[in-house]
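Each chain, letter by letter, is given below.
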Amino acid sequence: MKTIMEPFRIKMTEPIHIISKEERIKALERANFNVFALDAKDCCIDLLTDSGTGAMSAQQWAALMIGDESYAGSKSWKKFEATVQEITGLKHVLPTHQGRAAENILATTRLKPTDVVPNNSHFDTTRANIEFTGARALDLLCKEGLNTALDVPFKGNMDLEKLENCIKTNGAENIPFAMITVTNNTGGGQPVSMQNVKDVKALLSKYGIPLYIDACRFAENAYFIKQLEKGYEDKTLLEIAQEMFSYADGATMSCKKDGLANIGGFLCTNNDEWATDFRNLLILREGFPTYGGLAGRDLEVIAVGLMEALAYDYQVYRHATVEYLGKKLDKKGIPFVKPVGGHAVFLDARKFLPHIPQNEFPGIGLVNELYIDGGVRAVELGSVMFGKQDEKGNEIPANLELVRLAFPRRVYTQSHFDYLVEVISDVWKNRTSIPSYKIAYQPKFLRHFTCHFKKI
Ligand code: F0G
């Protein structure tokens, strides 16, 4: 059959509340034009994030009931640890309440202000955790990754030449670890090839620098490798993930993505000394090392979810939904990052709204219009999220101005996507009338979550 259908039936439903356009305009004004401040009940298709927003399977709900809530050494912890070790092969596993807690422990125990941490692209929380220590977070993405229209595979790869230059310029002694993010969320959810992970590891090894994988979407990345990289066609997604992690010295993970859970994360390492430091800080910040920031039931849910994310049928369906939206938008000439990512379609706001300069935040204009027009909540990944102000208050723009439509896992059906296409097409038709914005208030770190905007 040509039709790829959802490999599940729906057992439980959640109503969608649809408010009028006039009500949405008022809600957005109350939110100071920042969609993070909207009430979720006022969004009819919520594509703000794919993080923690997925639907759990019957197996996960069943696992939740057998959660062992013992403070130390619970049965649920043993399952969690064994599953993470089976997938990653990494020696020490530390559970955390989400990915950024793992990043925080890694950054605060290892970094000093003169340090540098290279990555293909740091996600916002990773960058913030590194910068909070005074160290610098560098994005060394391959040049193909910066060209949104270029339809080639593995645009998430790290640029090896830039990496070697970075090591030579800063000195290996000032790079306590390097990272690689799979898939590359910041740059369009683009995958990293196995060859690139292998090459990055080989180069870092030459200088004695450990490699940590930001593994949030490791299963989606494994599917891309199976589909696109020679030699992996006949391997299972688990085998591919195992090989990928075999090149890593450690990993940070948000189980809210490819753990198919609503909360959770972990930090892994092969380094005994680092593991001791991590554990001590974990106890202070998160909890005892056999539960971290999680309940026993969460550990159960994640142990099941990590394996469900590696199920081939699930990934076929997941990628088909993203491609479905991509094809429909392409037919209408709407600009987005090509090829589509694993967890989202990223609209190219600079091409969508060429009349809005980067320092007037085209991504915010587009996000707000999608909400007003159809109640669709998306998120800007552009100069608000990744740009910043210099000491004189001048805006330093980001490389790309993207608007991400992130797909919660196993939540929306094809008609929801058809509705979405209608909304985006409508906004596309009226694009010349979309206003630009300025920032009226912003905090020092992670400004996109809480800043206020004003229409120009
Ligand atoms: N790394 C990447 C690549 C991420 O996408 C995220 C979260 C994190 C780390 C942090 O994990 O949220 O569990 O603390 N990304 C979400 C998103 C929030 O919307 O893309 P967390």
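The structure presented is a predicted model; accordingly, all values stated were derived computationally and were not measured.

Caption draft 1: Structural context of the domain arrangement of the protein chain. Here the protein chain is described as being made up of domain 1 (21-50 + 311-455) and domain 2 (58-308). Using only C-alpha atoms to locate each centre, domain 1 and domain 2 end up separated by 26 Å. Facing 33 residues of domain 1, the contacting portion of domain 2 comprises 37 residues. Of the roughly 2,900 Å² buried at the junction of domain 1 and domain 2 (both faces included), carbon and sulfur atoms supply 58%. Counting the contacts that link domain 1 with domain 2 gives six salt bridges. Put simply, arginine 410 and glutamate 308 hold a salt bridge, and the shortest N to O gap is 3.0 Å. Counting across the interface, domain 1 meets domain 2 through 17 residue pairs in polar contact (both at pLDDT 80 or more). Secondary structure elements with two or more residues in the side of domain 1 that touches domain 2: helix H12 (312-331), strand S9 (344-348) and strand S14 (402-406). Among the elements that line the side of domain 1 that touches domain 2, the one with the most residues is H12, at six residues. Looking at the side of domain 1 that touches domain 2 residue by residue, the class counts come to 17 nonpolar, seven polar and nine charged.

Caption draft 2: Structural context of the layout of surface pockets. Looking at the largest pocket, its volume works out to about 1,300 Å³. If you trace the largest pocket, you find 36 residues lining it, with Met12, Glu14, Ala55, Arg410 and Val411 closest to the centre. Broken down by secondary-structure element, the contributors of at least two residues to the lining of the largest pocket are helix H2 (58-65) and H12. Residues belonging to the lining of the largest pocket are distributed by class as follows: 18 nonpolar, 10 polar and eight charged. Lining the lining of the largest pocket are residues from two domains, each supplying at least three of them: domain 1 (21-50 + 311-455) and domain 2 (58-308). Looking at the second largest pocket, its volume works out to about 800 Å³. Taken together, 36 residues make up the lining of the second largest pocket; nearest its centre are Arg127, Met385, Phe386, Gly387 and Lys388. Take the lining of the second largest pocket: its biggest share by element is four residues, from helix H5 (residues 124-132). For the lining of the second largest pocket, the class distribution of residues is 18 nonpolar, 10 polar and eight charged. When residues of the lining of the second largest pocket are assigned to domains, at least three fall in each of domain 1 (21-50 + 311-455) and domain 2 (58-308).

Caption draft 3: Up close: the packing of helix H3 (residues 75-88) against helix H11 (residues 296-309). One way to put it is that H3 packs onto H11 with a least axis distance of 8 Å and a crossing angle of 25°. The pairing of H3 with H11 is recorded here as roughly parallel in orientation. Crossing of H3 against H11: the hand is left-handed. Within the contact between the two elements, H3 uses Ser76, Trp77, Lys79, Phe80, Thr83, Val84, Glu86 and Ile87 and H11 uses Gly296, Leu299, Glu300, Ile302, Ala303, Leu306 and Met307. In terms of residue class, the contact of H3 with H11 is built from nine nonpolar, three polar and three charged.

Caption draft 4: The environment of isoleucine 356, seen in detail. Assignment of secondary structure puts isoleucine 356 in the loop between helix H13 (349-352) and helix H14 (362-374). Placed 81 residues apart in sequence, isoleucine 356 and tyrosine 437 show a C-alpha to C-alpha distance of 9.1 Å. If we skip the residues at most four places from it in the chain, isoleucine 356 touches Phe361, Pro362, Ile434, Pro435 and Ser436.

Caption draft 5: Structural view of the site of the ligand. As a matter of local geometry, the ligand sits amid 17 residues, with Thr49, Arg100, Asp214, Ser254 and Lys257 nearest to it. Residue threonine 49 places a side-chain N or O atom 2.7 Å away from an oxygen atom belonging to the ligand. A distance of 2.9 Å separates an oxygen atom of the ligand from a polar atom in the side chain of arginine 217. Broken down by element, the shell around the ligand gets its largest block of residues, three residues, from helix H4 (residues 99-110). Grouping the constituent residues of the shell around the ligand by class yields two nonpolar, eight polar and seven charged.

Caption draft 6: Structural context of the sheet that holds strand S7 (residues 250-254). Taken together, five strands build an open sheet; the order of strands is S2-S8-S7-S6-S5 and the sheet is mixed. Each end of this open sheet is capped by a strand with a single partner; those strands are strand S2 (92-96) and strand S5 (178-181). With strand direction ignored, the average angle separating the axes of adjacent strands in the sheet is 15°. Where S5 and strand S6 (residues 211-214) come together, four bridges link them in parallel fashion.

Cut-offs applied
- Residues numbered from 1 in each chain as written.
- Predicted model: local features only at pLDDT ≥ 70, side-chain atom pairs only at ≥ 80, totals over all residues.
- Heavy atoms only, no water.
- Domains from an automatic or database assignment.
- Contact = heavy atoms within 4.5 Å.
- Buried area = accessible area lost by both parts, 1.4 Å probe.
- Salt bridge = Lys/Arg side-chain N within 4 Å of Asp/Glu carboxyl O.
- Polar contact = N/O pair within 3.5 Å; in protein donor to acceptor, adjacent residues only side chain to side chain.
- Helix = DSSP H or I, 4+ residues; strand = E, 2+ residues; numbered from the N terminus.
- Nonpolar A, V, L, I, M, F, W, Y, C, P; charged D, E, K, R; others polar.
- 1 Å grid on protein atoms, 1.4 Å probe; cavity = no way out; pocket = protein on both sides within 12 Å on 5 of 7 lines; lining within 4 Å.
- Points joined across faces, edges and corners; volume = space filled by probe spheres on them.
- Axes fitted to C-alpha atoms, helices over the stretch in contact; angles between N-to-C directions.
- Parallel < 35°, antiparallel > 145°, perpendicular 65-115°, else oblique.
- Left-handed = near helix turned anticlockwise from the far one by under 90°.
- Near = heavy atom within 4 Å.
- Pairing = 2+ DSSP bridges.

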